[in-house]
Amino acid sequence: PTPRRGIDMTQEQQTVDLPRSVFTGLAEARGGAVTGNVLGVINYTTECTGPRVENGRLTLDLHMAADAGEAFAEVWTTGREVVTGEHHGVVYAHDGEYLLVAGRIAPAGRYTEDTRAAYVAALDLMDTLGYKNCFRMWNFINDINADNADGLEVYRDFCKGRAEAFELFHFGDSEVPSATGIGSLGGGIAFYFLASRSAALTSVENSKQMAAYHYPRQYGPRPPKFARATYLATTHTDRRSGQIYVAGTASIRGHETLHAGDIEAQVKLSLDNIEHLISDENLAAYEITQGNSLHNLDNIKVYVRHRSDIPAVRRMCEERFSPNAHIQYLNVDVCRADLLVEIEGIVA
Ligand code: 3EB
């Protein structure tokens, strides 16, 4: 089989436009205030609907806000004209270099099979349209810590279906993208993925954390399959100026949750984990040298289990991230019952 991530030597020196995202208000996103070619609009809002094509734009509404005042949109733009479509229940938009695909799994007593099927539809679309380099996935899971109809935690049920889909598409562990797997306030499971046609991708692990796909059996029948980060290079030779898509990052060392019940210690370790992940010390193993610090992280989402912890979390994040960084705080459950916070972002 052809390698999923082989470097096409004919494109070695070619610079590719990278995708960009911005946070806006819902009305701004809908009203077309965002200029450029819109790959999609992800609404972090008060109900889960779609995905659909609305005014020619891929639109997905996630139930991630308790009221309209907390809602925001994440708008993805690219350098080229965008075409939209639908494929076996998933909705997509692509521009010749990048693909955004979104799907939803209806609320159910069990999720393994529907998760596998929805992932298969999205991965099959990537293969069919020729966007074989998937570099980022987001998954929003209602009742993530509840037991399913068989007494298996919903998150673990989801992980089973995801692992089976990756297996069907022959993803090696080092080929899985960075991801977020987080709670939501309703709507079953919703997801969106980003993939590229020719960008050079590198899956990055954190030398201080066990790879999630190697987590032991105690965390569920199939491990969570995701990379700690994905590096997206602007050219196939320059390893100094790419984007780093940082996965949801929590208070985990090795495979263990540290600081159960202590929000401040969990925020500190989550930030320390990201700081190390994007440091040249950690990236040396991938021959990437960028001199990144937490000040280079943007497009940040901070997921907080208890609303009352948000002020303290905000204070700690503002101390360590750039004053210019765009940060959204969301009050939702986190994938392990003992995790109080999870943080993601992009080094752009
Ligand atoms: C962890 O490090 C925390 O299942 O896709 C973070 C990011 C976590 C993504 C996922 C889970 C996922 O294991 C949880």
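So, a few notes on the structure that sits alongside this text.

What counts and how
- Residues numbered from 1 in each chain as written.
- Predicted model: local features only at pLDDT ≥ 70, side-chain atom pairs only at ≥ 80, totals over all residues.
- Heavy atoms only, no water.
- Helix = DSSP H or I, 4+ residues; strand = E, 2+ residues; numbered from the N terminus.
- Rg over C-alpha atoms; globule rule 2.2 N^0.38 Å.
- Buried < 20%, exposed > 50% of the residue type's maximum accessible area, 1.4 Å probe, protein only.
- Contact = heavy atoms within 4.5 Å.
- Areas by Shrake-Rupley, 256 points an atom, 1.4 Å probe, with all protein chains shown as cover.
- Lys, Arg positive; Asp, Glu negative; His and termini not counted.
- Charge placed at Lys NZ, Arg CZ, Asp CG, Glu CD.
- Expected span 1.5 Å × (residues − 1).
- Salt bridge = Lys/Arg side-chain N within 4 Å of Asp/Glu carboxyl O.
- Pairing = 2+ DSSP bridges.
- Near = heavy atom within 4 Å.
- Polar contact = N/O pair within 3.5 Å; in protein donor to acceptor, adjacent residues only side chain to side chain.
- Nonpolar A, V, L, I, M, F, W, Y, C, P; charged D, E, K, R; others polar.

### Topic: the overall build of the protein chain
Secondary structure assignment for the protein chain yields six helices and 19 strands. Over its C-alpha atoms the protein chain spans a radius of gyration of 19 Å, differing by no more than 12% from the 20 Å that the globule rule assigns to 348 residues. For the protein chain, the residues scored as buried account for 60% of the 348 residues in total. Restricting to contacts in the protein chain with at least 6 residues of sequence separation, those with at least 24 account for 75%. Total accessible area on the protein chain stands at roughly 13,600 Å², and carbon and sulfur atoms take up 47% of it. Taken together, the 32 basic and 45 acidic charged side chains of the protein chain have centroids lying 2 Å from each other.

### Quick word on helix α3 (residues 154–168)
Taking 1.5 Å per residue as the helical rise, α3 with its 15 residues ought to reach 21 Å, and the 22 Å between its terminal C-alpha atoms agrees with that figure. Here α3 lies mainly inside the structure; eleven of its 15 residues are buried. Among all positions in α3, only Val154, Tyr155, Asp157, Phe158, Cys159, Gly161, Arg162, Ala163, Glu164, Ala165 and Phe166 are buried. Among the structural elements, α2 (112–129), β9 (133–142), β10 (178–184) and β11 (189–196) are those in contact with the buried residues of α3. Two residues or fewer past α3, His170 is found with a positive phi of approximately 55 degrees.

### Quick word on the side chain of Glu342
Tracing the backbone shows Glu342 in strand β19 (residues 341–347). No salt bridge is formed by the buried Glu342; the nearest opposite charge belongs to Arg136, separated by 7.2 Å. Setting aside residues no more than four positions away along its own chain, Glu342 makes contact with Thr180, Gly181, Ile182, Gly248, Thr249, Lys301, Val302, Tyr303, Val334 and Cys335.

### Observations concerning the pairing of β19
Side-chain positions along a regular strand alternate between the two faces of the sheet. The buried count for β19 comes to seven of seven residues, which makes it a mostly enclosed element. Alternating positions in β19 separate into two faces, Val341, Ile343, Gly345 and Val347 on one and Glu342, Glu344 and Ile346 on the other, with burial throughout. Where strand β14 (residues 243–249) and β19 come together, four bridges link them in antiparallel fashion. Within β19, the position partnered with Ile244 by the bridge is Val347. Both strand β17 (residues 297–304) and β19 contribute to a ladder of six bridges, which runs antiparallel. Each bridged residue has a counterpart across the sheet, and for Tyr303 the counterpart in β19 is Glu342.

### Structural notes on the site of the ligand
Near the ligand you find 13 residues, and of these Tyr155, Arg162, Tyr215, Arg228 and Cys335 are the closest. Between Tyr155 and the ligand, the recorded distance is 2.5 Å, taken from a side-chain N or O atom to an oxygen atom. Take Tyr215: an N or O atom from its side chain is 2.7 Å from an oxygen atom of the ligand. Calculation on the ligand without its partners gives an accessible area of 360 Å², and the protein chains cover 99% of this total. Among the secondary structure elements, those contributing two or more residues to the shell around the ligand are α3 and β10. The dominant element in the shell around the ligand, judged by the number of residues it contributes, is β10, at three residues. Counted by class, the shell around the ligand contains seven nonpolar, three polar and three charged residues.

None of the figures reported here should be taken as evidence of function without further support.
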